[in-house]
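Results of the structural survey
Listed below, chain by chain, are the residues.
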Amino acid sequence: MTGPLRVLHVTESLAHGGAEQNLLSFLRRLPPERFQHHLAYLYPDEGLIEKFRPLVASLIPLGAGRGPGLLSAAAALQGWMRRHRVDVVHAQLVRAQLVARAAALAATLGKGRVPVVTTWQNAFYDDYTVADFGSPARRALVRRLDAVTGRYDRRFVAVSEHVATHCCAALGVPRDKVSVIYNCVEPARYAPVSPEVLARTRAELGLALEARILLSVGRLVVQKGQRHLIAAMPSVLRQVPHAVLLIAGGGPLRAELQAQVSALALGDRVRLLGPRGDVPALYQMADLFAFPSLYEGLSVALVEALANALPAVVSDIPQNREVIEGMGQGQGQSQGQRMTSVRMVPREDAAALGDAIGELLRGGVAVREAALAARGAVQLRFSPERLAERFGQTLEAAAAAG
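One numbering rule holds for all chains: residues counted from 1, following each sequence as written. pLDDT decides what is reported in this predicted model: residues at 70 or higher carry local features, side-chain atom pairs at 80 or more are listed and counted, and totals for whole chains, interfaces and linings draw on all residues regardless. No hydrogens and no water enter the side-chain calculation; it runs on all heavy atoms of the structure.

It is worth spelling out the overall build of the protein at this point. The helix and strand tally for the protein stands at 17 helices and 13 strands. Our radius of gyration looks at C-alpha atoms and nothing else; its globule reference is 2.2 Å times the residue count to the power 0.38. In terms of C-alpha radius of gyration, the protein reaches 22 Å, essentially the compact-globule figure of 21 Å for 402 residues. Considering only C-alpha atoms, the protein reaches an extent of 70 × 45 × 40 Å along its principal axes. The burial tally for the protein puts 57% of its 402 residues in the buried class. Positive and negative side-chain charges in the protein, numbering 45 and 35 respectively, have mean positions lying 5 Å apart. Only DSSP runs of H or I with at least four residues qualify as helices, and only runs of E with at least two residues qualify as strands; both kinds are numbered from the N terminus onward. For each residue, the accessible area found with a 1.4 Å probe, counting protein chains only, is set against the maximum for its type, and the residue is called buried under 20%, exposed over 50%, and partly exposed in between. By the counting scheme adopted, Arg and Lys are positive, Glu and Asp are negative, and His together with the chain ends is not counted. The atom standing in for a charge is NZ when the residue is Lys, CZ when it is Arg, CG when it is Asp and CD when it is Glu.

Two kinds of site are reported from a 1 Å grid over the protein atoms alone, namely cavities, where a 1.4 Å probe fits but cannot get out, and pockets, open sets with protein on both sides within 12 Å along at least five of seven lines, and residues are called lining when an atom falls within 4 Å of a point. Grid points are joined across faces, edges and corners, and a volume is the space filled by probe spheres set on the points. Evaluation of the coordinates by the stated rule reveals two cavities of 30 Å³ or more. The computed volume of the largest cavity comes to approximately 80 Å³. Along the walls of the largest cavity sit 13 residues, with N22, F26, T119, V157 and F391 positioned nearest its centre. Elements represented by at least two residues in the lining of the largest cavity include exactly α1 (18-29) and β4 (88-92).

Glancing now at the side chain of S235. Within the fold, S235 resides in helix α9 (residues 226-239). Note on S235: relative accessible area 16%, which makes it buried. Apart from residues no more than four positions distant in its own chain, S235 is found in contact with G354 and D355. For this analysis, residues touch if any pair of their heavy atoms sits within 4.5 Å.

What follows deals with the packing of aromatic side chains. Stacked, edge-to-face and tilted labels apply to pairs of Phe, Tyr and Trp rings (six-membered ring for Trp) whose centres lie within 6.5 Å, assigned for plane angles under 30 degrees, over 60, and everything in between, in that order. As enumerated under the stated definition, the model contains seven aromatic pairs in all. Ring centres 6.0 Å apart and planes at 25° place the aromatic pair Y125 and F133 in the stacked group. One aromatic cluster is present, built from ring pairs that chain together F124, Y125 and F133.

Another aspect to go through is the sheet that holds strand β6 (residues 155-158). With parallel pairing, seven strands are arranged side by side in an open sheet as β3-β2-β1-β4-β5-β6-β7. Strand pairing shows two members of the sheet lacking a second neighbour, β3 (58-61) and β7 (178-180), which therefore form its edges. Each adjacent strand pair in this sheet contributes to an overall mean axis angle of 20°, direction not counted. Pairing analysis gives four bridges linking strand β2 (residues 35-41) to β3, with the strands arranged parallel. Each residue of the ladder has a partner; that of H38, found in β3, is S58. Strand pairing is assigned whenever DSSP identifies at least 2 bridges connecting the two strands. Fitted lines through C-alpha atoms serve as axes, helices being fitted only where they are in contact, and the angles separating the N-to-C directions of these axes extend from 0 to 180 degrees.

Before going further, it helps to examine the pairing of strand β12 (residues 312-315). A two-sided burial pattern is seen for β12, the buried positions comprising A312 and V314 on one face and V313 and S315 on the other. In this structure, strand β11 (residues 288-291) lies alongside β12, joined through three bridges in parallel fashion. Bridge pairing links A290 to V313 in β12. The pairing of β12 with strand β13 (residues 342-345) spans four bridges and is parallel. Across the sheet, A312 pairs through a bridge with V342, a residue of β13.

Strands sit in the order β10-β9-β8-β11-β12-β13 across an open sheet of six strands; the sheet is parallel. In the strand order of this sheet, the two ends are held by β10 (270-274) and β13, each with one partner. The average undirected angle you get between the axes of adjacent strands in this sheet is 20°. Its contacts with the sheet put α9 on β8 (212-217), β9 (243-248), β10 and β11, and the angle it makes with β9 is roughly 170°.

Next up on the list: the environment of G274. Along the chain, G274 turns up in strand β10. The sequence separation of G274 and R219 amounts to 55 residues, and the corresponding C-alpha distance is 9.0 Å. Apart from the residues lying within four places of it in its own chain, the contact partners of G274 are I247, A248, G249, G250 and R254.

This part takes up helix α17 (residues 384-401). Helix span is expected to be 1.5 Å times the residue number reduced by one. Here α17 spans 26 Å end to end across 18 residues, near enough to the 26 Å set by a 1.5 Å rise per residue. Taken together, the buried positions of α17 are occupied by P384, L387, A388, F391, G392, T394, L395, A398 and A399. With its buried residues spanning 155° around the axis, α17 presents them on a single face. In this structure, α17 carries A400 and A401 as exposed residues pointing more than 90 degrees from its buried face. Throughout, the arc means the angular range of directions from the helix axis out to the C-beta atoms.

For the rest of this paragraph, the subject is unusual backbone geometry. The phi angle at L93 is positive, at roughly 80°, despite the residue not being glycine. A relative accessible area of 15% places L93 in the buried class. In this structure, E348 takes a positive phi of about 65° despite not being glycine. Inspection of the secondary structure puts E348 in the loop between β13 and α15 (350-361).

Everything listed here is a matter of geometry and, on its own, says nothing about what the molecule does.
Structure (structure tokens):
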């Protein structure tokens, strides 16, 4: 093959989600002399479109609806692939995976199928994911479709070891077809924010100087467990009277969570901030990060918080444990030192969550110093340059094997 590798990426939208942000980071770092990118997306959420535009040769909106609308999206993508030659297809997120596989098969019948690489962004078929699918029966159907259509994918990328193990078992994929490549974190997400900006942000939010700030970042959905965090706040306030919880992110549970805040008479001690464009400032203004998610692929928000040297209280799930147990790698930190700045609690346990938050907030200098000592290793482990290169090599290997 001469010239750059022609890669068609297929994703669900160009929204400000973790999967989309990670793809954007990788495309920024894959050299144009080696790769030419085309990007197809199912749904018209285009928050990141202007950032993707200079990095891709083609933007392909598929205008999919739900359910049967995926068939029209697959047909549209098949038509595009018949008109444009690509060397490898990369798909991420379940609906996009199904569409990409169908289009790749139909567009190349009789010619040899274009190799497909699938990125698994989550432990999709965990017991806690039923709410995402609507019912166990629907989840079982999607799982079956995923397994059957993915049988001939050339390679798989998993964003954590736990996701690799889970998806291999759930979908019957041989482990040797899977590469674990973590979601990366852009250095801009932990670059120092000026004291003036931090002070202005604090003032705009009406936070008193003595306030101890808890921060949670994530979509307002069942998966992220914000209701358990809000339920823990009365206990936190008994231990740390000046505590204030900031929840950054938007989503369908906003009204329900606001009603919970009112029912617990928490007033302005819990603030639902909505989507924010200044999350790095919030990280650096906060005293502690709280992340009670029920399941994850690998949380970029958690990694960003640790890269900003924030102590953290997180749910004890394999995906979060994988992040925490890697803190301090290469810096000689012991497990005890790492856990000085992090507490892991059972998921959906508001009482344990409140106790752990209170303990860390009262921990003083030792807690903050432990978080500072670990941040360099976290930044290195999730470096976009190193991870993008591994992703690029995976695409090249899949195309070469074809």
